[in-house]
Amino acid sequence: MTSRKWPRRLRPMAVRVALLTAAVLMFAACSDGSDKESNPLDPRGDVAERQIGLLEFWMIPAGVIGALILGATVYVALRFRERPGNENPRQVHGNTTLEIGWTVVPALIMAIMAVPTVSLIWDLDASSAELEAKYDKAPLEVTVYGKQWWWEYQYTNLGELDSSIDFDVNTANELHIPADRPVHFRLLSDNVIHSFWVPSLAGKKDVVPGRANEMWFIAEADDIGQWFYGQCVEYCGLSHADMRLKVKVHEESDFLDWAKGQNEVWSAERVARAEELGITTKWGCVSCHYMGGVDPDADAGIRDGSRANARPGPNLTHLPDRTTFAGAKLDLLNDDGSFDVDKLTEWIWHAGELKPMQCDKPLTESGERCKGMLNFEKSGMTEEEARDIAEFLLELEGAK
Ligand code: HEC
Ligand SMILES: [Cu+2]
């Protein structure tokens, strides 16, 4: 072999490198550069900061080790490459010293790395009592239910923040939290495995059927008024990519006002209008959605936390208090802050066209196991009727 052949042999590699570079640039360009806060490299609050601290700490030794291995590989490839007149280099079999070395040294490195890593895992795995001792105040307790494909939240100890509150609050997709108070989560699923992740505030944790995982995070006073974005990060079916979430950080008194607002139910007059619009009986929306005021038993079940998981769809009582819907995929608000009635109308009419739905079927074909939004257009609903329902659902504006 002569050295003249090298360029031709390198040509496929050059093509590969070029393609890879193009792909990397293309993916980098996909980042929309918006102000949506969901950056694990820009941590907020104790949990995220300590997690990123560990990552940064190990980046340096990992970088050095990586450079050494890469350097050694290149050195060996050049030093022992095929040369003219030396087509069959000296063959070596086994070297006990080297083999023991490259077993023991990495094992030692891993053992050393385990010390701060495992201790941080244990440290962050704090119970509610430990959090209370650490921060000198009770954590806010939230049970998170992973649904297909949205998030349900049940606030279970608001009374510890404000003794005048003796009820639970139940909401969907948009999590409201007070700043400067740890929030302790119980993560539950009655369907498939999901994973709860708000990159700015903490690492992800799986939401597994038949098991209550726990995690916590805390937001800082600096972030009051800030929205953080999150996403389900365990493939959970058809609309997994559209199972998003948002977290809003409040001053504690504003948070409590919000919570109290969520406890209000519809008036008898409003319930009567819901019936006229077909929400209760004709279209059976209440069989999948809790709407406060319609059914006293369901109201009691939300307030005392016993039936939080009873409906397959989100609580619609206070829909206008949200900024998004459908797993935080669709904006409920136009740019000027008014409600996007058209979007909600379209959703109610045929949700499956806006977000892939397990149950994009008419009412008549919905079986017992059908849990997604149905196709009400195919069920005979007119666009006018869908619009009336959308306007009705957006009427009651409470505390934001
Ligand atoms: C068979 C169960 C079922 C029925 C019946 C049903 N829905 Fe839904 N609905 C769902 C599910 C599940 C979701 C969540 C879908 C998602 O985000 O992936 C949903 C989402 C919604 C949302 C968005 C809420 C949010 O905050 O994300 C609205 C609004 C809504 N439904 C209105 C209605 C109306 C109005 C009716 C009656 C005309 C109705 N639904 C009937 C199951 C149902
Ligand atoms: Cu999911």
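The coordinates are above.
Note that the structure is predicted; figures quoted are calculated from it, not measured.

Q: Tell me about the site of ligand 1, residues and numbers included.
A: Taken together, 30 residues lie around ligand 1, and Cys285, Cys288, His289, Ala326 and Met373 are the ones closest in. One nitrogen or oxygen atom from the side chain of His289 is found 2.8 Å from a nitrogen atom belonging to ligand 1. Arg322 is positioned with one of its side-chain polar atoms (N or O) 2.9 Å from an oxygen atom of ligand 1. For the shell around ligand 1, the elements supplying multiple residues, two or more each, are helix 7 (285-288) and helix 9 (341-350). Here the shell around ligand 1 is built from residues that sort into 21 nonpolar, six polar and three charged. Looking at the shell around ligand 1, you find at least three residues from each of domain 1 (128-249) and domain 2 (268-393).

Q: Tell me about the coordination of the copper ion (ligand 2), and name the residues and values.
A: At the metal site, the copper ion (ligand 2) is ligated by His194 (ND1), Cys232 (SG), Cys236 (SG) and Met243 (SD), and these contacts range over 2.1 to 2.5 Å. Written as a sequence motif, the donor arrangement for the copper ion (ligand 2) is H-x37-C-x3-C-x6-M. Highlighted residues: His194 in strand 6 (residues 194-197) and Met243 in the loop between strand 9 (227-232) and strand 10 (244-250), separated in sequence by 49 residues.

Q: Summarise the sheet that holds strand 1 (residues 140-146); cite the residues concerned and give the values.
A: In sheet architecture, strand pairing relies on hydrogen bonds along the backbone and comes in two forms, parallel and antiparallel. If you trace the five strands from one edge of the open sheet to the other, you get 3-2-1-5-8, paired in mixed fashion. Single-partner strands in this sheet number two, and they are strand 3 (169-172) and strand 8 (213-217). Sheet twist, expressed as the mean angle between neighbouring strand axes with direction ignored, is 25°. In this sheet, strand 3 lies alongside strand 2 (residues 151-155) in antiparallel orientation, the contact comprising four bridges. Pairing of Tyr155 across the sheet is with Val169, part of strand 3.

Scoring rules and cut-offs
- Residues numbered from 1 in each chain as written.
- Chains lettered and ligands numbered in written order.
- Predicted model: local features only at pLDDT ≥ 70, side-chain atom pairs only at ≥ 80, totals over all residues.
- Heavy atoms only, no water.
- Near = heavy atom within 4 Å.
- Polar contact = N/O pair within 3.5 Å; in protein donor to acceptor, adjacent residues only side chain to side chain.
- Helix = DSSP H or I, 4+ residues; strand = E, 2+ residues; numbered from the N terminus.
- Nonpolar A, V, L, I, M, F, W, Y, C, P; charged D, E, K, R; others polar.
- Domains from an automatic or database assignment.
- Donors = N, O, S within 2.8 Å, 3.2 Å for Na, K, Ca; no water.
- Pairing = 2+ DSSP bridges.
- Axes fitted to C-alpha atoms, helices over the stretch in contact; angles between N-to-C directions.

By themselves these figures say nothing about function.
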